[in-house]
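Letter by letter, the chains look like this.
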There are 2 protein chains.
Amino acid sequence: MSENNERAYPVPSIRRLPLYLSFLRQLRDEKVEVVSSTRIAEELRLTGIQVRKDLAMTGIVGRPKIGHSINELIGHIECFLGWNEPRLTFLVGVGHLGTALLGYKGFEQENLNIVASFDNSPEKIGTTILGRPTYDLKDFAKKAQEMNVKCAILAVPAMYAQETANMMIEAGIQGIWNFAPVQLFVPEDVVVENVFLSSSLAALSQRMAFQARKNEI
Amino acid sequence: MSENNERAYPVPSIRRLPLYLSFLRQLRDEKVEVVSSTRIAEELRLTGIQVRKDLAMTGIVGRPKIGHSINELIGHIECFLGWNEPRLTFLVGVGHLGTALLGYKGFEQENLNIVASFDNSPEKIGTTILGRPTYDLKDFAKKAQEMNVKCAILAVPAMYAQETANMMIEAGIQGIWNFAPVQLFVPEDVVVENVFLSSSLAALSQRMAFQARKNEI
């Protein structure tokens, strides 16, 4: 394997790819077939250079003046992200947030397939919640092995987040999508991606308060 | 008003405050009454200096050797974030994600009160979804004025995000919590905070793929 394949891609570029996808899918729905990187840049408030670099990262070859085939772009980006085939995922913690995530069908478009959820509440174990079986948290490792699941969504209360993450990692989980408002300790080879909704809300609240004070002056 | 009150606080500090809150509430539930900034730093994998700076930002005075009263810390942080009183919010777009957000009771803890939702689907208008009335999107401005709502959650499909944001801003909305995968154009005095779940998922997918390639070598 060449050294090139082992490098980490720039995270801001990675994070922009779903925004491209969303725009490209919209164009596809409108039966548009070809788009230029300039048009994409305008729509997403980016520079042409950023867009060309991001697209080049996914292996797309530039076609100046001609524009890109939209289907080809979508295929390339989905493939680059590994979203062209279903990825099995477990969800742990069927509380308010976990249930909200189970109910969110947007993940299906990204081929993220939440196949089962886990909880330790006797009232939930054995039931089917939003189409997914809820198993006893104790059976997590067994099920992860049986179904060869390597990715898990963590949606337990903050106080149980670290111990639950430890359990997941022991069960062979390699990537944790963490929605608990906790910085997790994990081994180097385990990937954690945090979504701290309350941090986002804090930023919104504070910036609104700042703006309101500015307007008062 | 002093100049001090008008400065913008550092966003990373703001984003850390909810993590402190989460840990402090956990301690309170465990009947702990006092905590040192060193203990907080250890728990959240931060430096003592970061924690002391962040807490000082909220107006908390350091108490070396004695430690902070947990109730006082919680009160200070909640007050600083404006989370000590209910903030009325509208939600626009009762699709999959919108419904998931309506169903997420975690916001109540932050005193974010989603009082109504809006959609343009005739099947949804007039119904009550998860306890909130669903109004016609056309009535947004009228309702925002009636209820004096300044903050809105945007959860419409990407292709309608910009026009919906425009409509919100015309109706006097000052802060948009945007869950649509779109960079919005807004006037300078309107605050937008983005939650791009698909960007977070892209980062997770890519970093897992990178790690897997590293492990293969």
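What this report covers is the structure whose coordinates are included nearby. Here the structure is a predicted model, which is why all the values come from computation and not from measurement.

Remarks on the packing of helix H1 (residues 11-29) of chain A against helix H3 (residues 48-57) of chain A
Residue and element names in this part refer to chain A. At their nearest, the axes of H1 and H3 sit 10 Å apart, and the two run at 95° to each other. Taken together, the axes of H1 and H3 are roughly perpendicular relative to one another. Contacts from Ser13, Ile14, Arg16, Leu17 and Tyr20 of H1 reach H3 at Gln50, Val51, Asp54, Leu55 and Met57.

Some details on the interface of chain A and chain B
Taken residue by residue, the interface counts 69 residues in chain A and 69 residues in chain B. Roughly 6,200 Å² is buried in total at the junction of chain A and chain B, and carbon and sulfur atoms are behind 68% of that figure. In terms of surface lost to chain B, no three residues of chain A exceed Arg45, Leu201 and Gln206 of chain A, which account for 10% of the buried area on that side. Linking chain A to chain B there are two salt bridges.

A look at helix H8 (residues 158-170) of chain A
Residues spaced three or four apart along an α-helix point in a common direction, a consequence of the helix completing one turn every 3.6 residues. Every buried residue belonging to H8 of chain A is among Ala158, Ala161, Gln162, Thr164, Ala165, Met168 and Ile169 of chain A, and all of these are buried. Structurally, H8 of chain A contributes buried residues whose contacts are with strand E3 (87-92), helix H7 (140-147), strand E7 (151-154) and strand E8 (175-178) of chain A together with helix H1 (11-29) of chain B. Of the residues one or two after H8 of chain A, Gly172 of chain A is the one with positive phi, at around 95°.

A few points about the relation of the copies chain A and chain B
Of the transformation placing chain A onto chain B, the axial shift is 0.0 Å and the rotation is 180°, giving an RMSD of 0.0 Å. Here the copies are linked by what is in effect a two-fold axis. By C-alpha distance to the rotation axis, the residue of chain A lying nearest is Ala100 of chain A, at 2.1 Å. By residue overlap, the copies meet face to face through one surface: 100% of the interface positions of chain A are interface positions in chain B.

As for the packing of aromatic side chains
Going through the model one piece at a time under the given rule, you end up with 16 aromatic pairs over all chains. When the ring of Trp177 of chain B is compared with that of Phe179 of chain B, the centres are 5.0 Å apart and the planes differ by 70°; the resulting orientation is edge-to-face. Cluster of aromatic residues (ring-pair linked, three or more members): Phe90, Phe118, Tyr135 and Phe140 of chain A.

Here we look at the pairing of strand E7 (residues 151-154) of chain B
A regular strand places its side chains so that they alternate between the two faces of the sheet. Residue and element names in this part refer to chain B. Residue alternation in E7 divides its side chains into two sets, Cys151 and Ile153 and Ala152 and Leu154, and both sets are buried. Alignment of strand E3 (residues 87-92) against E7, held across four bridges, turns out to be parallel. Note that in E7 the partner of Phe90 across the bridge is Ala152. Here four bridges tie E7 to strand E8 (residues 175-178), and the two strands are oriented parallel to one another. The residue of E8 that forms the bridge with Ile153 is Trp177.

Digging into the pairing of strand E4 (residues 112-119) of chain B
Residues and elements named next belong to chain B. Burial runs high along E4: six of the eight residues are buried. Bridge analysis of E3 against E4 gives six bridges, and the strand direction is parallel. Paired with Leu91 across the two strands is Ser117, which belongs to E4. Relative to strand E6 (residues 132-136), E4 is paired through three bridges, and the arrangement is parallel. Bridging across to E6, Phe118 finds its partner in Tyr135.

A closer look at the pattern of salt bridges
Within the structure shown, the criterion is met by 11 salt bridges over all chains. For Arg25 of chain A, the salt bridge identified is with Glu78 of chain A, shortest N-O distance 3.0 Å. Here Arg25 of chain A, found in helix H1, pairs with Glu78 of chain A, found in helix H4 (residues 70-81); they are 53 residues apart in sequence, far enough to count as distant. One exposure class covers both Arg25 of chain A and Glu78 of chain A, and it is buried. Among the salt bridges present, the one from Arg207 of chain A reaches Glu193 of chain B, with a minimum N-O distance of 3.2 Å. One end of the pair, Arg207 of chain A, is in helix H9 (residues 197-216); the other, Glu193 of chain B, is in strand E9 (residues 191-194), on a second chain. Among the residues examined, Glu193 of chain B registers a relative accessible area of 4% and is labelled buried. One network of salt bridges, in which partners are shared, links Arg15 and Glu193 of chain A together with Arg207 of chain B.

Each value, and the rule that gives it
Per chain, residues are indexed from 1 in the order of the written sequence. Going through the entries in the order they are written, you letter the chains from A and number the ligands from 1. Totals for whole chains, interfaces and linings use all residues, but because this is a predicted model, local features are given only for residues with pLDDT of at least 70 and pairs of side-chain atoms are given and counted only at 80 or more. The basis for every side-chain value is the complete set of heavy atoms in the structure, and neither hydrogens nor water enter the calculation. Only the stretch in contact is used when a helix axis is fitted, and all axes are lines through C-alpha atoms; the angle between N-to-C directions ranges over 0 to 180 degrees. Secondary structure elements are taken from DSSP: a helix is a run of H or I of four residues or more, a strand is a run of E of two residues or more, and numbering for both begins at the N terminus. By definition in this entry, angles of less than 35 degrees are roughly parallel, angles greater than 145 are roughly antiparallel, angles of 65 to 115 are roughly perpendicular, and the rest are oblique. Here a residue-residue contact requires only that any non-hydrogen atoms of the pair lie within 4.5 Å. Throughout, the accessible surface (probe 1.4 Å) given up by two parts as they are put together, summed over both, is called the buried area. Each salt bridge in this description consists of a side-chain nitrogen of Lys or Arg and a carboxyl oxygen of Asp or Glu lying within 4 Å of one another. To sort residues, take the accessible area from a 1.4 Å probe on protein chains only and compare it with the maximum for the residue type: under 20% means buried, over 50% means exposed, and anything in between is partly exposed. A least-squares fit on C-alpha atoms brings the copies together, and the residues used are those whose pLDDT is at least 70 in both copies. For Phe, Tyr and Trp, rings pair up if their centres lie within 6.5 Å, where Trp contributes its six-membered ring, and each pair is then called stacked (planes under 30 degrees apart), edge-to-face (over 60) or tilted (otherwise). We call two strands paired when DSSP finds no fewer than two bridges between them.

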